[in-house]
Amino acid sequence: MKPGDMLAGFILIAALLCSVLAPWLAPYDPNEIHMAERLAPLSADHWLGTDTLGRDVFSRILYGGRVCLVLALAVTAATMLIGLLIGTAAGYWGGWLDDAVQCLVSIFQGLPGLTLMLAIAGTLGPGVKSLFIALIMTSWPDFSRVVRGETMKLREEPYVEGIRALGAGHGYIVTRHILPNMLGPFIVLFTIRVGRVILSIASLSFLGLGLQPPTPDWGVMVNDARALFRSYPHLLIAPGLCIAAVSLSINWLGDRLRDRLDARNVNERSLL
């Protein structure tokens, strides 16, 4: 294992453990206000200082990881489920269904993703619900396109044609032979997308269209600290580093996983 893989794995495991154990690791309530201690410097009592309301920054960092990671996993899972269903149906049955899906996918992919996401979130108003809908609507076309291509390739495999000739139904073929063989690319897509969703959540929260105060979220913390960057840079640097480190670690591991799966596929083809 390369040093980069070990570092990315360590950062990701540490982020997950800190998020899960936040209620026990956080020294203070993340939303507890102490105006007498507002903007306190780094100290033994407050490892990362306090914000403008006297809330402990380290505690908010720990709880912010919980919100960010759980929401990113939920959004990615919902997006991939929708893309999986649409892409599999279009790739397996083809015909007018495939034409309709590809027309819809082309429309979504023809629009700038970030602009469309901001437009949807701005129209629905700030909050978790609008954030969820905006991220799903701008992400499912990519998944469905990849799943469609894999499904079209698998449905022409000799073993699938043999099973079909033996009288197997479409549902049996899709659930027992098409979907299991897409597990590798599916895992890679899921891993890479989680990192991108974390950045998207932080971006929308930073712009005031995602999670709202007093929710302890990294994007919200960056937005709250931007006016104080010159005097209190640690208030912005700490959550910003968390966003960058976690998203880069997930993307790194996703790329490594994709390389290994591609290498395995090449080796298998060379043996045929």
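See the structure shown above.
Right, let's walk through the structure included here. (Residues numbered from 1 in each chain as written. Predicted model: local features only at pLDDT ≥ 70, side-chain atom pairs only at ≥ 80, totals over all residues. Heavy atoms only, no water.)

**Here's the deal with the overall build of the protein**
Then comes step 1: Secondary structure summary: the protein contains 11 helices and zero strands in total.
Then comes step 2: When the helices and strands of the protein are listed from N to C terminus, the series reads α-α-α-α-α-α-α-α-α-α-α.
Then comes step 3: Principal-axis analysis of the C-alpha atoms gives the protein an extent of 75 × 45 × 30 Å.
Then comes step 4: Within the protein, the proportion of its 272 residues that are buried is 41%.
Then comes step 5: Across the protein, every contact between residues at least 6 apart in sequence was considered, and the portion connecting residues at least 24 apart equals 70%.
Then comes step 6: When the accessible surface of the protein is summed, it comes to about 14,500 Å², and 68% of that surface belongs to carbon and sulfur atoms.
Then comes step 7: Computing the positive centroid from 21 side-chain charges and the negative centroid from 20, the protein places the two 4 Å apart. (Helix = DSSP H or I, 4+ residues; strand = E, 2+ residues; numbered from the N terminus. Buried < 20%, exposed > 50% of the residue type's maximum accessible area, 1.4 Å probe, protein only. Contact = heavy atoms within 4.5 Å. Areas by Shrake-Rupley, 256 points an atom, 1.4 Å probe, with all protein chains shown as cover. Lys, Arg positive; Asp, Glu negative; His and termini not counted. Charge placed at Lys NZ, Arg CZ, Asp CG, Glu CD.)

**Quick word on the state of the cysteines**
Then comes step 1: Applying the stated criterion across every chain, the model contains zero disulfides.
Then comes step 2: Of all cysteine sulfurs in the structure, the one in cysteine 242 sits closest to cysteine 68, which takes part in no disulfide; the separation is 9.6 Å. (Disulfide = S-S within 2.5 Å.)

**Overview of the packing of helix α3 (residues 57-93) against helix α9 (residues 183-206)**
Then comes step 1: Direction vectors running N to C along α3 and α9 enclose 130°, while the axes themselves pass 9 Å from each other. When the axis of α3 is compared with that of α9, the two are oblique. Every pair of crossing elements has a handedness; the one defined by α3 and α9 is right-handed. Here Cys68, Leu69, Leu71, Ala72, Leu73, Val75, Thr76, Ala77, Met80 and Leu84 of α3 come into contact with α9, specifically with Phe186, Leu189, Phe190, Arg193, Val194, Val197, Ile198 and Ile201.
Then comes step 2: In the contact of α3 with α9, the residues fall into 16 nonpolar, one polar and one charged. (Axes fitted to C-alpha atoms, helices over the stretch in contact; angles between N-to-C directions. Parallel < 35°, antiparallel > 145°, perpendicular 65-115°, else oblique. Left-handed = near helix turned anticlockwise from the far one by under 90°. Nonpolar A, V, L, I, M, F, W, Y, C, P; charged D, E, K, R; others polar.)

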